[in-house]
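A look at the structure
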Amino acid sequence: MTSDKLITVLMLGGARRVSMAELLMQSGKQLGHHVRILSYELQPQVPIAAVADVIVGKKWSDADVVDDLVALAEREKVDIILPFVDGAIEIAARCAIRLPHVFVPVSPDDVAATMFDKIAAAKAFKDAEIPIPTTYSALTAEMPAIAKPRHGSASRGIKVFHNIEDLMHLEGISDYLVQEYIDQREEYTVDCYVTAGGDILCTVPRLREEVMGGEVTRTRTCKLPVVEEMSRKVLEAFELRGPVTLQFLHDTTRDRFLLMEVNPRLGGGVVCSIYAGAPIADYILKESMGQKLNRCDDWMPNTLMARYQKEVIFYDR
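Here is a short report on the structure shown in this document. It should be emphasised that the depicted structure is a prediction, and the values quoted were computed from it without experimental measurement.

A word on the side chain of Glu215. With respect to the element layout, Glu215 can be found in strand β11 (residues 215-221). The class of Glu215 is buried, set by a relative accessible area of 17%. For Glu215, the side chain forms a polar contact with the side chain of Arg307, separated by 3.2 Å. Among all residues touching Glu215, those that are not within four sequence positions of it are Arg16, Arg17, Glu210, Gly268 and Arg307.

The next subject is the packing of helix α2 (residues 65-75) against helix α3 (residues 86-98). Orientation of α2 relative to α3, taken along the N-to-C sense of each, is 55°, at an axis distance of 10 Å. With respect to α3, the axis of α2 lies oblique. Between α2 and α3 the crossing geometry is right-handed. Along the contact surface, α2 presents Val65, Val66, Asp67, Leu69 and Val70, while α3 presents Ile91, Arg94, Cys95 and Arg98.

Every α-helix winds through 3.6 residues per turn, so residues three or four apart in the chain are directed the same way. Of all nine residues that make up helix α9 (residues 280-288), seven are buried, and the element is covered over most of its length. Regarding α9, the residues found buried are Ile280, Ala281, Tyr283, Ile284, Leu285, Glu287 and Ser288. Directly beyond the C-terminal end of α9, a positive phi value near 75° is found at Gly290.

The rules behind each value
Residues numbered from 1 in each chain as written. Predicted model: local features only at pLDDT ≥ 70, side-chain atom pairs only at ≥ 80, totals over all residues. Heavy atoms only, no water. Helix = DSSP H or I, 4+ residues; strand = E, 2+ residues; numbered from the N terminus. Buried < 20%, exposed > 50% of the residue type's maximum accessible area, 1.4 Å probe, protein only. Polar contact = N/O pair within 3.5 Å; in protein donor to acceptor, adjacent residues only side chain to side chain. Contact = heavy atoms within 4.5 Å. Axes fitted to C-alpha atoms, helices over the stretch in contact; angles between N-to-C directions. Parallel < 35°, antiparallel > 145°, perpendicular 65-115°, else oblique. Left-handed = near helix turned anticlockwise from the far one by under 90°.

So, to be careful, I would describe these as geometric facts and stop short of saying anything about function.
This is how it looks when you write it as structure tokens:
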């Protein structure tokens, strides 16, 4: 860490994460530090520019994106790197190898690669004996069924089928994960934090009450011991590290909780869990400085977060 009480945080794809950036800055102030936010984006006119310095960079798929980020981190004396989109997680893990003096709280890149391949992830969950929806091949599928793109995110490309003929005509069906469709359900997100040494500091479930375009707009924290225990099992089974977002489905007809996805990064709705008392922003800053961290179990249930849109205006000058 730098010695002048300046902490520089580089957000990868933090375009809309203004609230999270503000929470990191507030946490730094409480700890006696000034947090400077940089965000690595494809264009300068993104909302995070309201509170951060935007660095226009390369695509995650570009061959030299890691070289570009390493040079940026060294030039700007970056202390912490945080990925905020799926494609940036493996990139951040590769940066961590090149930048041992920078705190990059992410899971290994091979773990991230497995979690972002829905077919591989489902197999890994099953092998770890973690309950998931029944998974089918195209020939064994029972109706209704849901098909999810193997490498999709944010609910894009998901299709529900009510007859086998339509499913069999799905183009590129081998690139879809096909599972039982559960109509009567609730969806829960769990915001977690795991230290580099594997200590699980928090597991905060929250009900996804309203979602728009894959982004939660209304969510409420809730005490669910069964989900918290399942979350710990998932975190330990795959040796996940840093901030992790888990997605569970509650089959209300059969009263069973099933793991849907593991996103080894901060989720968009983590702000709700932080306001409920889970000090995830503090954990990130404190762990980067080698400070003592305490487990949080006394976060407040029934903390409701409702989102609204706010504009950021740019002028061409």
